[in-house]
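Take a look at the letters that make up each chain.
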Amino acid sequence: MARQFFVGGNFKMNPASRKDKVALVKLLNEAELDPNTEVVISPPALYLIPVKESIRKDIKVAAQNCYFKDSGAFTGEISPAQLVDSEIPYVILGHSERRTLFHESSKVVAQKTRAALDKGLSIILCIGETLNEREAGETAKVCEEQLKAVVEVLKESDWSKIVVAYEPVWAIGTGKVATPQQAQEAHKDIRSYLSKAVSSNVAGATRIIYGGSVNAGNCKELSTLPDVDGFLVGGASLKPEFVQIVNSKKL
């Protein structure tokens with residue numbers, strides 16, 4: 001069965017104003033988007049509900065993070081239960097900025113993944129290596145270690161609700177992009193690991209998307225790679241070119 005192409009827009013801590021948020025939603029609402037591509041946008045928590053209520057129905061909304069508890073004294077956090085109650089279907093977990101800036105371990109990412117799945121959320125699970133790890137030839141090892149923590153707490157059936165986002169840390173927001181050969185090699189290695197660690201069925205069905213300075217200029221070539229099933233877009237998701245990225249599979 002063919003894997004549906006997936007394009008996610010991670011707005012991060014943007015846009016800076018409600019006015020800009022409204023303009024972004026208007027741009028997407030008026031755009032002609034490939035109906036064969038699943039599109040998910042991830043605004044800051046403050047904008048989740050208003051964006052969900054104003055965006056067209058064929059675009060889904062994702063939170064950028066959630067905690068592994070349903071409620072309680074956890075200042076600044078959002079729970080999976082709250083997201084489900086607000087009809088937010090997706091959450092991004094394990095983003096490199098959460099791992100590096102906020103010191104989230106792979107174990108914590110796995111806990112969050114399990115908690116989110118238990119409430120019925122779908123997950124964009126981020127993994128990826130630093131420049132030092134890439135130069136040391138440890139890309140596959142690092143990705144496997146980050147995935148292993150999640151594999152250990154999931155059932156095989158859980159993987160139908162997970163999109164794996166491979167994001168080389170050295171390419172995020174730097175303007176550097178993995179070459180098509182590097183991206184394909186990393187995605188192939190991830191799929192191979194899933195086949196060994198979970199099952200060949202899960203490996204064949206799981207969408208593995210690429211993130212790291214994706215833009216209108218490089219998306220077309222990257223989209224043709226056999227193991228690249230879409231993109232998680234950062235900075236370009238705030239610009240009109242996001243529409244071109246969504247449409248990168250259109251002839």
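Anyway, here's the lowdown on the structure attached to this text. (Residues numbered from 1 in each chain as written. Predicted model: local features only at pLDDT ≥ 70, side-chain atom pairs only at ≥ 80, totals over all residues. Heavy atoms only, no water.)

### Concerning the packing of aromatic side chains
Then comes step 1: Tallied over the entire structure, the rule returns 5 aromatic pairs.
Then comes step 2: Pairing Tyr67 with Phe68 gives two aromatic rings, centres 4.3 Å apart and planes at 25 degrees, and the pair type is stacked.
Then comes step 3: When the centroid spacing of 4.9 Å and the interplanar angle of 45 degrees are considered together, the rings of Tyr67 and Phe74 count as tilted.
Then comes step 4: Residue classification places Phe74 among the partly exposed residues on the basis of a relative accessible area of 31%. (Phe/Tyr/Trp six-rings, centres within 6.5 Å; stacked < 30°, edge-to-face > 60°. Buried < 20%, exposed > 50% of the residue type's maximum accessible area, 1.4 Å probe, protein only.)

### A few points about the environment of Arg98
Then comes step 1: Along the chain, Arg98 turns up in helix 4 (residues 96–101).
Then comes step 2: Separated by 93 residues in the primary sequence, Arg98 and Phe5 place their C-alpha atoms 25 Å from one another.
Then comes step 3: Excluding its chain neighbours within four sequence positions, the residues that come into contact with Arg98 are Asn65, His103 and Glu104. (Helix = DSSP H or I, 4+ residues; strand = E, 2+ residues; numbered from the N terminus. Contact = heavy atoms within 4.5 Å.)

### Quick word on the pattern of salt bridges
Then comes step 1: Applying the stated rule across the entire model yields 19 salt bridges.
Then comes step 2: Taking the shortest distance from any N to any O, the salt bridge between Asp118 and Arg114 comes out at 2.8 Å. Placement of the pair is Asp118 and Arg114 together in helix 5 (residues 106–118), with a separation of 4 residues, close to one helical turn.
Then comes step 3: By relative accessible area, Asp118 is classed as exposed at 51%.
Then comes step 4: Accessibility expressed as a relative area gives 18% for Arg114, which makes it buried.
Then comes step 5: The residue Arg191 makes a salt bridge to Asp227 at a minimum N-O spacing of 2.6 Å. With Arg191 in helix 8 (residues 180–197) and Asp227 in the loop between helix 10 (219–223) and strand 8 (230–233), the pair connects residues that are 36 residues apart, well separated along the chain. With respect to class, Arg191 is no different from Asp227; both count as buried. (Salt bridge = Lys/Arg side-chain N within 4 Å of Asp/Glu carboxyl O.)

The values are spatial; any link to function lies outside them.
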